[in-house]
Amino acid sequence: MSPGQSNMLPRPFSVYRADTLSGEISLLIEIKGKGTALLAETTPGVSLKLLGPLGRGFPDLPPRSLLVAGGAGIAPLAFLAASTAAPRTLLYCARSSEFLVCPDTDLDLPGLSVMEATDDGSRGVKGTAADLLSNRIEKAGAVFACGPRPMLAAVKEICSRAKIETWFSLEERMACGIGACVGCAVATTGGYRRVCRDGPVFPAEEVIFDG
Amino acid sequence: MAEKIFEPDLRVDLAGIALENPILAASGPFGYGHEYRELTGFKDLGGIIVKGVSLEPWAGNPPPRVAETPSGMLNAIGLQNPGLKSFLEEDLPRLRGPGPRLLVNVVGCTVEEYAGVASGLEGVEGIDGLELNISCPNVKAGGMAFGTDPAATGRVVAAVRRKTSLPFLVKLSPNVADIGAVARSAEEAGADGISLINTISGMLIDTAHKKPLLGNIFGGLSGPAVMPVALRMAWQVAEVVKIPVLGIGGITTADDALQFIMAGARAVAVGTGLFYDPHLPSQIKTGLLEYMKKEGLKNLHEIEGAARP
Ligand SMILES: Cc1cc2nc3c(=O)[nH]c(=O)nc-3n(C[C@H](O)[C@H](O)[C@H](O)COP(=O)(O)OP(=O)(O)OC[C@H]3O[C@@H](n4cnc5c(N)ncnc54)[C@H](O)[C@@H]3O)c2cc1C
Ligand SMILES: Cc1cc2nc3c(=O)[nH]c(=O)nc-3n(C[C@H](O)[C@H](O)[C@H](O)COP(=O)(O)O)c2cc1C
Ligand code: FES
């Protein structure tokens, strides 16, 4: 998505909701800096440039999946949660309540239970994604996670100990967004791979976190 | 009687490479072209310069590799590439056929590596020319880039000249005291053309984490922010060499392209601008044609170097 200025790189966002009937898609955007602030200022009727969908998404959800979202990482997981009616649980975590931006009504889906946690206890359980996950990992069909790197690193450790299939949607700074420039590389067991083309979804065991 | 519609001729000859129009994709941002072909069909490109190819595969730099700057960006990709063999087997076959002329950007850490890539590309069908990226660190000279030293530049260029019958450009680094001296040295050693500029060395610090933003600490600045610097250098080089110049650096509009041509460049290449809009080459081409019609130009040679005294 281009923030509407000619001398700015496009910004990567996940599809948050898609309505196949109306052809509408929704994005859930956290204002982080210049580009997201400009996007937030746009008014209805303004046309923006959008390129996509790009890359590879999550595989199908098996029953009893656990979805772990940290902050703005909720966007692709809310989309994933809406893709099935099988029983599944969303662990939605952030620093504090103000970062749990996803409207409750959007998470009111058949078969989906939602657990919330904040680091400061301002909403849901006081604790981290790892705390919520540790208590539920044994019975999980698979784990799907998106959020800050330290959270993903902790998720990876818990899941690999429990030997549960796990998938991450990763973030990296991008330039072309289509796989040409190798700017969005992340370290994996198969060498540097492109988040925009080979990902953003990778099997957790392939992702290398360095400190 | 119908009025004869005047169609300006955009064709140019760049160092013996006949281009349908003077707009090329710069090496790097365009990768090996496959993704942009899916997106734009290479529409309105006179040539493409594929990403740097080395003798052996290069892994590239640790992330983050790119960062935005005001009117530009930094990159420290580290010339990640699959190496010559993989380029010839996997990439080149998909690029052959009608369409833009194909130039291969050549990288190396030693004179022998550059020469090795050039010999590996000699006589291979589908390649129209080479571009030597001499901004690479010269490992035998303590990692200083070849392109910062006119003598080292001359040695690389002469070694490649002995190995190739293809036309080749030498791509200069802007991170030098006297760009004219490097350009002259390349010309004397047998280069068929000069392309410039590569990126300008720079960095950013992530204040939240108190550390450099890029994994490699330093990166190269590109995009509209560098355009006036690139233009000045194209002007200086056009003054001291007789071989044609390919202008690169921050070009995003037809007016930018015209400025390089009026400074003495034969053609231009677009890099970072493709990130802003993959269809930029078409817009530049349309703009050039409009300008030529308005000015009654038959071809671009009429204005090559036109701004020079
Ligand atoms: C695959 C993917 C999906 C994403 N999905 C969402 C989403 O659904 N909702 C959401 O709110 N955010 C999402 N993000 C993060 C979002 O792209 C960044 O927050 C945004 O680019 C910041 O732009 P800015 O101009 O506001 O920030 P600035 O800091 O001003 O941006 C400067 C530069 O850094 C880049 N950048 C900064 N932070 C990030 C980041 N975390 N990831 C990638 N590039 C970054 C920007 O793209 C820009 O080029 C996603 C990122 C990726 C890679
Ligand atoms: C992501 C990226 C990768 C690049 N890779 C190469 C490369 O492999 N070889 C090379 O000679 N130049 C490389 N360059 C430099 C560009 O070809 C060009 O010289 C420079 O970016 C200035 O032009 P621009 O402002 O239009 O991007 C790269 C630039 C960028 C932004
Ligand atoms: S952003 Fe260019 S390869 Fe991913």
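Our structure is the block above this text.
My aim in this report is to walk through the structure given alongside it, one point at a time. (Residues numbered from 1 in each chain as written. Chains lettered and ligands numbered in written order. Predicted model: local features only at pLDDT ≥ 70, side-chain atom pairs only at ≥ 80, totals over all residues. Heavy atoms only, no water.)

Some remarks on the sheet that holds strand β3 (residues 65-70) of chain A
All names here are of chain A. In space, the seven strands of this open sheet follow the order β6-β5-β4-β3-β7-β8-β11, with mixed pairing throughout. The sheet is open, and its two borders are formed by β6 (125-126) and β11 (201-203), each paired with just one other strand. On top of the sheet, helix α4 (residues 149-162) reaches β3, β7 (143-146) and β8 (166-169); it is set at about 165° to β7, its chief contact. (Pairing = 2+ DSSP bridges. Helix = DSSP H or I, 4+ residues; strand = E, 2+ residues; numbered from the N terminus. Contact = heavy atoms within 4.5 Å. Axes fitted to C-alpha atoms, helices over the stretch in contact; angles between N-to-C directions.)

What about unusual backbone geometry?
Residue and element names in this part refer to chain B. Here the residue pair Pro63 and Pro64 is connected by a cis peptide bond, since its omega of -10° sits within 30 degrees of zero. Within the secondary structure layout, Pro64 lies in the loop between β4 (47-53) and β5 (66-69). In this model, Leu196 is joined to Ile197 through a cis peptide bond whose omega is 10°. One can find Ile197 in the loop between β10 (193-196) and β11 (200-202). Its identity as a non-glycine residue notwithstanding, Ala15 has a phi of 55°, on the positive side. By the secondary structure assignment, Ala15 is in the loop between β1 (12-14) and β2 (17-19). Even without being glycine, Phe42 reaches a positive phi, approximately 60°. Among the secondary structure elements, Phe42 is positioned in the loop between α1 (34-40) and β4.

Here's the deal with the packing of aromatic side chains
With the rule as written, the count across this model stands at six aromatic pairs over all chains. Geometrically, the ring pair formed by Phe30 of chain B and Tyr36 of chain B is stacked, given 5.0 Å between the ring centres and 10° between the ring planes. Here Phe30 of chain B matches Tyr36 of chain B in class, with each residue buried. Relative to Phe87 of chain B, the ring of Tyr32 of chain B has its centre 5.7 Å away and its plane inclined at 45°; by these criteria the two rings are tilted. Of this pair, Tyr32 of chain B sits in the loop between β3 (23-25) and α1 while Phe87 of chain B sits in helix α2 (residues 83-95), and the two are 55 residues apart along the sequence. The exposure classification of Tyr32 of chain B matches that of Phe87 of chain B, with both residues buried. Clustering of aromatic rings is evident, with ring pairs tying together Phe30, Tyr36 and Phe42 of chain B. Residue placement shows Arg95 of chain A over the ring face of Phe99 of chain A; its charged tip is 4.1 Å from the ring centre. For Arg308 of chain B, the ring lying beneath its charged end belongs to Trp235 of chain B, and the centroid distance is 4.4 Å. (Phe/Tyr/Trp six-rings, centres within 6.5 Å; stacked < 30°, edge-to-face > 60°. Buried < 20%, exposed > 50% of the residue type's maximum accessible area, 1.4 Å probe, protein only. Lys NZ or Arg CZ within 6 Å of the ring centre and 35° of its normal.)

Describing the interface of chain B and chain A
Residue-level contacts link 27 residues of chain B with 25 residues of chain A. When the buried area of chain B at its contact with chain A is split by residue, Glu35, Glu68 and Tyr276 of chain B rank highest and sum to 28% of it. Our enumeration of links across chain B and chain A arrives at four salt bridges. Across the salt bridge formed by Asp277 of chain B and Lys49 of chain A, the nearest N and O atoms sit 3.8 Å from each other. For the pair chain B and chain A, the interface holds five residue pairs in polar contact (both at pLDDT 80 or more). Only α1, β5 and α8 (273-276) of chain B provide two or more residues apiece to the side of chain B that touches chain A. Tallying contributions element by element places α1 of chain B first for the side of chain B that touches chain A, with four residues. (Buried area = accessible area lost by both parts, 1.4 Å probe. Salt bridge = Lys/Arg side-chain N within 4 Å of Asp/Glu carboxyl O. Polar contact = N/O pair within 3.5 Å; in protein donor to acceptor, adjacent residues only side chain to side chain.)

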